[in-house]
Amino acid sequence: MPFLRNAWYAAALSSELAEGPVARTILNEPLLILAGEDGNPVAFADMCPHRFAPLSLGRVGDGTITCPYHGLVFDHGGICIHNPHGKGARPASLALRRYPMRQQGCIIWVWMGDPARAEAAPPPDYPFLASDDHVVLSGRLQVQANYELVTDNLLDLSHAEFLHPFIMPEGTASAIKYRAVQDGDRVSVYHSMPNQPNTPMFALVLGDGVQRVNGVANSHWQAPANLMLETGVDVLDEGDGRSVMLPQVHLLTPESERATHYFWAVARHRSYAVPQLDAMLQAGLANAFEYEDEPMIKAVQERMGERELFAMQPALLPMDEGSVRARRTLARLIAEDQAVG
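Residues numbered from 1 in each chain as written. Predicted model: local features only at pLDDT ≥ 70, side-chain atom pairs only at ≥ 80, totals over all residues. Heavy atoms only, no water.

Undergrad: I tried to follow the overall build of the protein chain on my own but got confused; where do I start?
TA: Across its full length, the protein chain carries six helices and 18 strands. Taking 341 residues into account, the globule formula puts the C-alpha radius of gyration at 20 Å, and the protein chain, at 22 Å, falls close to it. When its C-alpha atoms are laid out on the principal axes, the protein chain stretches across 80 × 50 × 35 Å. Across the 341 residues that make up the protein chain, the buried fraction comes to 51%. Long-range contacts, defined as pairs at least 24 residues apart, comprise 58% of the intrachain contacts of the protein chain with a sequence gap of at least 6. Taking the average location of the 26 positive side-chain charges in the protein chain and that of its 40 negative ones, the two points are 7 Å from each other. (Helix = DSSP H or I, 4+ residues; strand = E, 2+ residues; numbered from the N terminus. Rg over C-alpha atoms; globule rule 2.2 N^0.38 Å. Buried < 20%, exposed > 50% of the residue type's maximum accessible area, 1.4 Å probe, protein only. Contact = heavy atoms within 4.5 Å. Lys, Arg positive; Asp, Glu negative; His and termini not counted. Charge placed at Lys NZ, Arg CZ, Asp CG, Glu CD.)

Undergrad: Help me out: how do you make sense of helix H6 (residues 321-340) in this one?
TA: The terminal C-alpha atoms of H6 lie 29 Å apart, and with 20 residues this matches the ideal 28 Å at 1.5 Å per residue to within 8%. Burial in H6 covers these residues: Gly322, Ser323, Val324, Ala326, Arg327, Thr329, Leu330, Leu333, Ile334 and Asp337. Those residues of H6 that are buried are in contact with helix H2 (147-155), strand E13 (177-183), strand E14 (186-197) and strand E15 (212-222). (Expected span 1.5 Å × (residues − 1).)

Undergrad: When you look at the sheet that holds strand E10 (residues 101-104) in this model, what are you seeing that I'm missing?
TA: Paired through backbone hydrogen bonds, the strands of a sheet run either parallel or antiparallel to each other. Within the open sheet, the three strands sit side by side as E1-E11-E10. Their pairing is antiparallel. Each edge of the open sheet carries a strand with a single partner, namely strand E1 (8-13) and E10. Neighbour to neighbour, the strand axes of the sheet diverge by 30 degrees on average, direction disregarded. Sheet topology places E1 next to strand E11 (residues 107-111); five bridges connect them, and they run antiparallel. Bridging across to E11, alanine 12 finds its partner in isoleucine 108. (Pairing = 2+ DSSP bridges. Axes fitted to C-alpha atoms, helices over the stretch in contact; angles between N-to-C directions.)

Undergrad: Could you clarify how one ought to interpret the environment of aspartate 237 in this entry?
TA: Along the chain, aspartate 237 falls in the loop between strand E16 (226-235) and strand E17 (243-256). Along the chain, aspartate 237 and arginine 212 lie 25 residues apart, while their C-alpha atoms are 6.0 Å from each other. Non-local contacts of aspartate 237, meaning those with residues more than four positions away in its chain, are made with Gly209, Val210, Gln211 and Arg212. Here the side chain of aspartate 237 touches arginine 212 through a polar contact of 3.0 Å, landing on its backbone nitrogen. (Polar contact = N/O pair within 3.5 Å; in protein donor to acceptor, adjacent residues only side chain to side chain.)

Undergrad: Where do I start with the state of the cysteines in this structure?
TA: Linking two cysteines covalently via their sulfur atoms produces the bond known as a disulfide. Overall, the coordinates contain zero disulfides when judged by the stated rule. Cysteine cysteine 67 remains unbridged, with the sulfur of cysteine 48 as its closest cysteine sulfur at 3.8 Å. Given a relative accessible area of 4%, cysteine 67 falls into the buried group. Sulfur of cysteine 80: no disulfide; nearest cysteine sulfur belongs to cysteine 48 and is 7.9 Å away. Judged by its relative accessible area of 4%, cysteine 80 falls in the buried class. (Disulfide = S-S within 2.5 Å.)

Any functional reading would require information that these geometric values do not contain.
Written out as structure tokens, the structure is:
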């Protein structure tokens, strides 16, 4: 299964890198990700060019990376600066492959294709991740399934009533008003839930006394698998008039054809100053993704095996329009990317 190589993928959370170097496989390629000498993230192929030993098993520090197998030393430019063998020759073939990286808020991005094309294609822009007006909560989990199955899940939120009681109250799936729109290569799916009971998630912000709300949950997809969710409610209770938005990102990075790094972040405005709100939101959302979504998507992958979705001729329902559009757009972009080389 081919991947879209000339694209930005979420590679790590800034909190992960603060704890030290990160070894992570992306698109079947092992990477070593670390903070450079200037504090900016850098990434290299996690293989010594001599005998392909994992550099992540070696010594990383003081601006250098030392191979654990034969002691070759590399700087943060990927250049071999010390060869302890023979006459110490350092041919150009000893250089490490370095990957372009960017950081936006808590998300560290990596470019997996031609480095020359990275400058002209900035990562997706999610301003709330770096806004002083917001507190950002984030997390990462591993999904044992193909990343497109996770995209399908996020573009069809009608499953929330059945998997996520924290996010959507019972009995609301049938009342969702659904609309899918495509603008160029961007696919948006709008879910409106008029006059519904308040949800446990928004009760954390609004308080248990709020009874009825108009809910929205809009998903915006960009290739290869980066999604922004606009989730919010308008309070319908007489005399209240409050509105709350909790913007989110869900960034899916293939580890392999059947494993996905799932990065997520949700932002709440600093004016939502409710005691213990952040801890409760973090726990509730992490539980939904790790213990409700992931087991179901994994089970779907196990039933599908190595077969591709459309080859299995799935029964399609109206709420599948967004995910079908995204799959077809991604397939076209991969074919175009391969044609360019």
